[in-house]
Amino acid sequence: MLPVEAYRSEQVAEIERQHIFAGGWIAVAHVADLPTVGSFVVVDVPSVESATQRSIIVIRGESGDVAAFDNACVHRGAELLAGCGAASRITCPYHAWVYRLDGSLVGGPYMQGPAADSAPPFHPTAHSLVALDVEQWQGFVFVNQGPNPTPLSTRLTGLAEVIDRFGIAGYVTVHQQVDVWATNWKLLVENFMDAYHVFKVHRGTFAANGDNSLDTTMFPGTDDWAHHRVIHESGDDIAHPDNTTLTGSWRRAVVLAAVFPTFVIQLQPDWLWWLQVSPIGTDRVQIRWQVAIAPEVLAAQSDRDAYVADVLDLLIRVNAEDQPVVEGVRRNMNQAQFPRGPLSYLERNVYDFDRYIASRLSAAQPG
């Protein structure tokens, strides 16, 4: 694993802000969160300025495109929106400046003084919300805080070939939640991509019916993503009979993937679990997660609420198994460097992620 300083050092956290989060694509929503013109969600992304988070508005405009803006009025910085909902205009709650869905300013009251006022004329066209680059991929909405970023789709061509067959853009969102854990954000990504801990930590959930480690295939990662698959060779299909797209072993496949730096998914023929992690300092992380169900699975349920409740109960218990472990690892990062043992082959994706982090940190060092 990486040295302990990578998880506890404020200096490392500053380098991450400038060399990872400033140009990394960050998942902020699923298209299902933005069904109609004016639909919006307010989310936090890792700040590139400080050990805080940057609040942004993700909104569907009148053209149908999705845009993202700083959640800050350009007049005096008031937060414009909260939570999720729909709006025909964005109105500042402080001084009633009004913005269109494309971020342009309609106008502000009392900005034109009396005739004798010598102030220059107020031109709304000179004042628009600060926009971020946006890209949609596989039904997810990503934003980028850097200048002229490389398109996400070109970075993820190989991963798209893996998950295209699932049609996840059509999965139906049934739950979303935000949690905060007392750990470093990298430890959480590592844990999600760690196939080695499942038989032990998740023996009450994912491994309740047996150890699937031998059914797991690890694949080498790239500079942008990594994944592994679990094929339940001896089990029944996970895919619903109405699913005619998935064939062969893919009907029993579970795919766990990470899009670096902070997006992870567990994808199955029946449901999808995705997490966006956002650091709050070196020892706290915000986790925004959602669950979506394959449409044919949801349609087949005689009691939809009971089915969704069972899936959520499983994933909440999975989180409860992981949380004390990854929080305990972070506490140990405050101690002296311990001897680091070799990784198991089931930690191949942990190595891929750590290699990505190390390359970004090394590139920031002079010489």
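Before reading on, note that the structure itself is shown above.
The rules behind these values
Here, residues in each chain are numbered from 1, in the same order as that chain's written sequence. Since the coordinates come from a predicted model, pLDDT governs what is reported: local features require at least 70, and pairs of side-chain atoms require 80 or more to be given and counted, while whole-chain, interface and lining totals use all residues. Only hydrogens and water are removed before side-chain values are computed, so all heavy atoms of the structure are retained for them. By convention, a stacked pair of Phe, Tyr or Trp rings (six-membered ring in the case of Trp) has centres within 6.5 Å and planes under 30 degrees apart, an edge-to-face pair has planes over 60 apart, and any other such pair is tilted. Under the scheme used here, helices are H or I runs from DSSP no shorter than 4 residues and strands are E runs no shorter than 2 residues, and both carry numbers assigned from the N terminus. The criterion for a charge sitting over a ring is simple: Lys NZ or Arg CZ within 6 Å of the ring centre, and within 35 degrees of the ring normal. Any residue under 20% of the maximum accessible area for its type is buried, any over 50% is exposed, and the rest in between are partly exposed; the area is computed with a 1.4 Å probe on protein chains only. Two strands make a pair as long as DSSP finds a minimum of two bridges between them. In this description, a disulfide is simply a cysteine sulfur pair whose atoms lie within 2.5 Å. Note on definitions: a residue-residue contact is assigned when non-hydrogen atoms from the two residues lie within 4.5 Å. Geometry is summarised by axes, namely lines fitted to C-alpha atoms with helices restricted to the contacting stretch, and by angles between N-to-C directions that run from 0 to 180 degrees.

> Tell me about the packing of aromatic side chains, residues and numbers included.
The tally for this structure, following the rule as stated, stands at 15 aromatic pairs. Ring geometry for Phe 140 against Phe 263: centres 4.9 Å apart, planes inclined by 70 degrees, an arrangement best described as edge-to-face. Linking Phe 140 in strand S10 (residues 140-144) with Phe 263 in strand S15 (residues 263-267), this pair joins segments that are 123 residues apart in sequence. Grouping aromatic residues by their ring pairs yields a cluster made of Phe 21, Trp 185, Phe 260, Phe 353 and Tyr 356. In this structure, Arg 165 packs its charged tip against the face of Trp 250, placed 3.9 Å from the ring centre.

> Explain unusual backbone geometry to me, using residue names and the numbers behind them.
Cis peptide bonds are those with omega within 30 degrees of zero, and the linkage from Phe 260 to Pro 261 qualifies with 15 degrees. Relative to the assigned elements, Pro 261 resides in the loop between strand S14 (253-259) and S15. Despite not being glycine, Ala 96 has its phi angle at roughly 65 degrees, a positive value. By the secondary structure assignment, Ala 96 is in the loop between strand S6 (90-91) and strand S7 (98-99). The partly exposed category is assigned to Ala 96, whose relative accessible area is 32%. At Gln 138, a position not held by glycine, the phi torsion is positive, near 55 degrees. Relative to the assigned elements, Gln 138 resides in the loop between strand S9 (131-137) and S10. Accessibility expressed as a relative area gives 16% for Gln 138, which makes it buried.

> How would you summarise the sheet that holds strand S8 (residues 105-107) if you had to cite specific residues and measurements?
Adjacent strands of a sheet pair through backbone hydrogen bonds, lying either parallel or antiparallel. Strands sit in the order S6-S7-S8 across an open sheet of three strands; the sheet is antiparallel. The open sheet has two free edges, formed respectively by S6 and S8, since each of these has just one partner strand.

> Lay out the pairing of S14 in plain terms, naming residues and giving numbers.
When you tally the buried positions in S14, you get seven out of seven residues, the bulk of the element. Strand direction decides the pairing type here: strand S13 (residues 225-231) and S14, joined by seven bridges, are antiparallel. Looking at the pairing, Trp 225 lines up with Val 259 of S14. Pairing of S14 with S15, which is carried by five bridges, proceeds in the antiparallel orientation. In the strand pairing of S15, Leu 256 is matched with Gln 266. From the end of S14 to the start of S15, which pair antiparallel, there are three residues.

> Now, about the state of the cysteines: what can you tell me, with residues and values included?
Inspection of every chain in the model, using the stated rule, returns zero disulfides. The thiol of Cys 92 is unpaired, and the distance to the nearest cysteine sulfur, on Cys 73, comes to 3.8 Å. Residue Cys 92 is classed as buried on the basis of its relative accessible area of 4%.

> Please provide a residue-by-residue account of the environment of Ala 86, values included.
Within the secondary structure, Ala 86 sits in strand S5 (residues 84-86). Judged by its relative accessible area of 60%, Ala 86 is exposed. Taking the C-alpha atoms as reference points, Ala 86 and Val 31, separated by 55 residues in sequence, lie 14 Å from one another. When sequence neighbours within four positions are dropped, the list of residues in contact with Ala 86 reads Gly 38, Ser 39 and Phe 40.

> Give me the lowdown on the sheet that holds strand S16 (residues 271-279), citing residues and values where you can.
An order of S11-S17-S16-S15-S14-S13-S12 is seen for the seven strands of this open sheet, with the pairing classed as antiparallel. Two strands lie at the open edges of the sheet, namely strand S11 (172-181) and strand S12 (216-219), each paired on one side alone. Averaged over all pairs of adjacent strands, the angle between strand axes in this sheet comes to 15 degrees, irrespective of strand direction. Here S16 runs beside strand S17 (residues 285-293); their pairing, made up of nine bridges, is antiparallel. Paired with Leu 275 across the two strands is Trp 289, which belongs to S17. In the packing of helix H5 (residues 185-192) onto the sheet, contacts are made with S11, S14, S15, S16 and S17, and the angle to S16 comes to roughly 160 degrees.

> Got a sec to walk through the pairing of strand S1 (residues 25-30)? Specific residues and values, please.
The buried fraction of S1 is high, at six of six residues. Pairing geometry for S1 and S10, over five bridges, is antiparallel. Bridging across to S10, Ala 29 finds its partner in Val 141.

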